[in-house]
Amino acid sequence: MKHDDHSNIPEAFFHYLWKYRMFSRRLFTGDGEPAEVIHPGTHNSDAGPDFLCARVRIGDTLWAGNVEIHVRASDWLRHGHHRDGAYNNVILHVVAENDAEAMTSDGKAIPTLVVGNAFSHQLLDCYQEIIHNLLWIPCERMIGRVGRMQVTARLNAMGIGRLHEKAEALREELMHLRMDWEECCYRALAGQFGARLNRQPFLMLARSLPSGVVMKYRDNPFQLEALFLGQSGLLNTRLYGKYPNSLKKEHAFLAQKHGLAPVAGYLWKFMRMRPSGFPTIRLALLAALYSQAPVF
């Protein structure tokens, strides 16, 4: 295979390239602006964009949001992402071949990062060797080349790096909130309730529902549950049963009173998780936590 022929390179390779930032040269958008990957985000194996909560610097602007990756930019249209609201918060389209412009369903153009020549041929050959062999552990022939000290050092560096990333994210949020520790703790706690798949929607919900409003209703579990479930956007549909409709009605009253706008309901993920992990259950648990232990 010719190395400049991207048609035979699987999209998963570019996911690997992005996730571990294995680029061999500086990156530029299709418009020629320099780009820097601050954090690649969380790899998403479910429906929606490929990487969630990424941070990318394009020119002098720091962007935070989701990233979608394709071999060809025209795959964006071929996969119907231009008609899917779940892709409206994509901040960057990473492609090997820039043969089309990516647009959101509300008509906004998405910056394109071209990485077709930003990796070494040796890396691609190594990746293909691992992917196509039939060994039980694909890298078992290569792992012997790595010394024990290198493995230990790498594990320690990864652990320290992860702690540093979490601390830096909290520091940035705290600075953005002008040292409001209570609001920062509230948002961090909400993000943890979302776990891996629904972390971003929980953070978006926490930003749409200030902790000050939550604390006003800490003595009323029903109103707290109406606030959290209503702000999730999951009540904005036809509901069956007296209790869900009561929550919807109460949220409508509270949202108008406090000027609250819910997040989009399509952001939440339910696939391939146990019922205890469903966002509806987690939202109810978060409401119950603030009802029973409102002071942190």
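Look above for the structure.
All values reported here derive from a predicted model rather than from experimental measurement.

Rules behind the numbers
- Residues numbered from 1 in each chain as written.
- Predicted model: local features only at pLDDT ≥ 70, side-chain atom pairs only at ≥ 80, totals over all residues.
- Heavy atoms only, no water.
- Salt bridge = Lys/Arg side-chain N within 4 Å of Asp/Glu carboxyl O.
- Helix = DSSP H or I, 4+ residues; strand = E, 2+ residues; numbered from the N terminus.
- Buried < 20%, exposed > 50% of the residue type's maximum accessible area, 1.4 Å probe, protein only.
- Patch = residues over 30% accessible without salt bridge, like charges linked within 9 Å, V, L, I, M, F, W, Y side chains within 5 Å.
- Areas by Shrake-Rupley, 256 points an atom, 1.4 Å probe, with all protein chains shown as cover.
- Lys, Arg positive; Asp, Glu negative; His and termini not counted.
- Charge placed at Lys NZ, Arg CZ, Asp CG, Glu CD.
- Expected span 1.5 Å × (residues − 1).
- Phe/Tyr/Trp six-rings, centres within 6.5 Å; stacked < 30°, edge-to-face > 60°.

*Asks:* How would you explain the pattern of salt bridges if you had to name every residue and give the values?
*Replies:* All chains considered together, the criterion is met by seven salt bridges. Its salt-bridge partner being arginine 171, residue glutamate 168 comes within 2.8 Å of it at the nearest N-O pair. With a gap of three residues between them, glutamate 168 and arginine 171 both fall in helix H4 (residues 148–176), about one helical turn apart. Note on glutamate 168: relative accessible area 22%, which makes it partly exposed. Assessed through its relative accessible area of 44%, arginine 171 is described here as partly exposed. Where glutamate 173 meets arginine 187, a salt bridge forms, and the shortest distance between an N and an O atom there is 2.6 Å. A residue pair is termed long-range when its members are at least 10 positions apart, and glutamate 173 in helix H4 and arginine 187 in helix H5 (residues 181–193) qualify at 14 residues. Both residues of the pair, glutamate 173 and arginine 187, count as buried.

*Asks:* Quick rundown of a nonpolar patch on the surface? Include the residues and the values.
*Replies:* On the surface, a nonpolar cluster with roughly 440 Å² of combined accessible area is contributed by Ile143, Val146, Val151, Leu155 and Met158. Note that isoleucine 143 resides in the loop between helix H3 (121–132) and H4.

*Asks:* How would you explain a negative patch on the surface if you had to name every residue and give the values?
*Replies:* A cluster of acidic residues, Asp31, Glu33, Asp60 and Glu101, forms a negative patch at the surface. Relative to the elements of secondary structure, aspartate 31 occurs in the loop between strand E1 (27–28) and strand E2 (34–39). In this structure aspartate 31 comes out as exposed when scored by relative accessible area, which is 73%.

*Asks:* How would you explain H4 if you had to name every residue and give the values?
*Replies:* Between its first and last C-alpha atoms H4 spans 42 Å; for 29 residues at 1.5 Å apiece the expected length is 42 Å, and the two agree. A positive phi of about 55° marks arginine 178, the residue just after H4.

*Asks:* Help me get a handle on the packing of aromatic side chains, residues and values and all.
*Replies:* To describe a pair of aromatic rings, one takes the distance between the centres and the angle between the planes. Evaluated as defined, the whole model comprises 13 aromatic pairs. Residues phenylalanine 14 and phenylalanine 119 carry aromatic rings whose centres are separated by 5.9 Å and whose planes lie at 75° to one another, so their mutual orientation is edge-to-face. One end of the pair, phenylalanine 14, is in helix H1 (residues 11–19); the other, phenylalanine 119, is in the loop between strand E7 (112–114) and H3, with 105 residues separating them in the sequence. Look at tryptophan 76 and tyrosine 87: their rings are 5.8 Å apart centre to centre, the planes differ by 80°, and that puts the pair in the edge-to-face class. You can see tryptophan 76 sitting in helix H2 (residues 75–78) and its partner tyrosine 87 sitting in the loop between H2 and strand E6 (90–97), a full 11 residues away along the chain. A relative accessible area of 7% places tyrosine 87 in the buried class. Through a chain of ring-to-ring contacts, three or more aromatic side chains come together here, namely Phe13, Phe14, Tyr16, Tyr20, Phe119 and Tyr127.

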